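Descriptive structure summary
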Amino acid sequence: MNFTFLGTGSAFTNENYQSNAVIEVNGKKLLIDAGGDIRRSLKAAGVNLWDLDGIYVTHLHSDHWGGAEFLAYGSFFNPMFVVNGQRRRLKLYAHPSVREGLWNSMNDSTVLPNKSATLNDYFDVQEFDADSFQWEGVQFDMVKTVHCLDDSDPMPCFGLTWVTESGKRVWFSADAVLDRDQQLFTTADVIFHDCETGFETGVHAHYNELLTLPAAVRAKITNYHYNDGPKADCKSAGFAGWAVQGEKIAL
């Protein structure tokens, strides 16, 4: 199993692309999120849109789903998606509470001639009611995180945790404030954690907050979703390191 960050930056990055990633299993690729710069970050990593088998969407912010129109049109009209005379659709996975809003966020910009389009015209929407799903023999469990409030209601954001063939538990936090009581800080072996740098917004875990975690926890954390500009030497502070755009990590 390989894990590649297509981008490692914050929503407004100009340097490192937005923090989307690809998981590769059995020669197939699952995209995690599709921010507005996804077409450029895929190209920079040498990944074609038609190389993807599916996509998992953590939540509906633009840096995670703003590339929906590109995915939809780029697959619907692309002859590379025609297999044995049939048009292949990207499998689409999302927590039921996120899935409800996917089409509302894109239906005004993705229209088809002489047809009332739906999300299923563009994607093979995987319908499930549980908090987990299977892809290529791997069970992915969705981890709800606190990210931000929408008119005092928490906006759902769902990271992922899974176990590799070698038995390692991996946790990809997605966008989250720091939750010190999250058991995965203890039970996960590999952690990719949301990490603001620079100014603090209150809707992401900040580097200064992550510094206060126990040394044994910091040693498992690779920080991503950071701001442009200089960053601290996080390895000397006990972290596994900063995520690097385009770096393929064997898990």
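Residues numbered from 1 in each chain as written. Predicted model: local features only at pLDDT ≥ 70, side-chain atom pairs only at ≥ 80, totals over all residues. Heavy atoms only, no water.

**Re the overall build of the protein chain**
Going by this rule: In this text, helices come from DSSP runs of H or I with a minimum length of four residues, and strands from runs of E with a minimum of two, each type numbered from the N-terminal end. As defined in this context, the radius of gyration uses C-alpha atoms, and a globule is described by 2.2 Å times the residue total to the power 0.38. Working definition: with a 1.4 Å probe on protein chains only, accessible area under 20% of the residue-type maximum means buried, over 50% means exposed, and in between means partly exposed.
Secondary structure assignment for the protein chain yields eight helices and 16 strands. For 251 residues, the compact-globule estimate of 2.2 N^0.38 gives 18 Å, and the protein chain sits close to it at 18 Å. Referenced to the eigenvectors of the C-alpha coordinate spread, the extents of the protein chain come out at roughly 60 × 45 × 35 Å. Going through the 251 residues of the protein chain one by one, you find that 52% of them count as buried.

**Here's the deal with the environment of Ser132**
Condition: Whether two residues are in contact is decided by their heavy atoms, any of which lying within 4.5 Å being enough.
Locating Ser132 in the fold gives a position in strand β9 (residues 132-135). Residue Ser132 is classed as partly exposed on the basis of its relative accessible area, which comes to 25%. The spacing of Ser132 and His64 is 68 residues in sequence and 19 Å in space, taken between C-alpha atoms. Apart from residues no more than four positions distant in its own chain, Ser132 is found in contact with Gln139, Phe140, Asp141 and Met142.

**Remarks on the pattern of salt bridges**
Stated precisely, the cut-off is as follows: Counted as salt bridges are all cases of a side-chain nitrogen of Lys or Arg within 4 Å of a carboxyl oxygen of Asp or Glu.
Within the structure shown, the criterion is met by seven salt bridges. Here Glu24 ties to Lys29 by a salt bridge, and the two come within 3.7 Å at their closest N and O atoms. Grouping residues by exposure puts Glu24 and Lys29 together as buried. For the salt bridge of Glu127 with Arg99, the shortest nitrogen-to-oxygen distance reads 3.4 Å.

**Observations concerning the nonpolar core**
Going by this rule: Take the buried Ala, Val, Leu, Ile, Met, Phe, Trp, Tyr and Cys residues and link them wherever side-chain atoms come within 4.5 Å; each set so joined is a nonpolar core.
Within the largest apolar cluster, 56 residues are counted, with the highest numbers of intra-cluster contacts made by Phe3, Trp65, Phe123, Phe133 and Trp162. Not counting chain neighbours up to four residues away, the residues in contact with Phe123 comprise Trp65, Ala68, Leu71, Ala72, Arg89, Leu90, Leu92 and Met106. In terms of nonpolar packing, the next biggest core, distinct from the first, is built from 18 residues, Ala205, Leu213, Ile221 and Trp242 among them.

**What about the pairing of strand β12 (residues 169-172)?**
Looking down a regular strand, the side chains alternate between one sheet face and the other. Rules: Two strands pair if DSSP finds at least two bridges between them.
When strand β11 (residues 153-163) meets β12, the two strands line up antiparallel, connected through four bridges. Within β12, the residue paired with Val163 across the bridge is Arg169. Hairpin geometry of β11 and β12 is characterised by an intervening segment of five residues between the two adjacent antiparallel strands and by a positive phi of about 95° at Gly167. Note that β12 and strand β13 (residues 190-194) share three bridges and pair parallel. Across the sheet, residue Val170 finds its bridge partner in β13, namely Val190.

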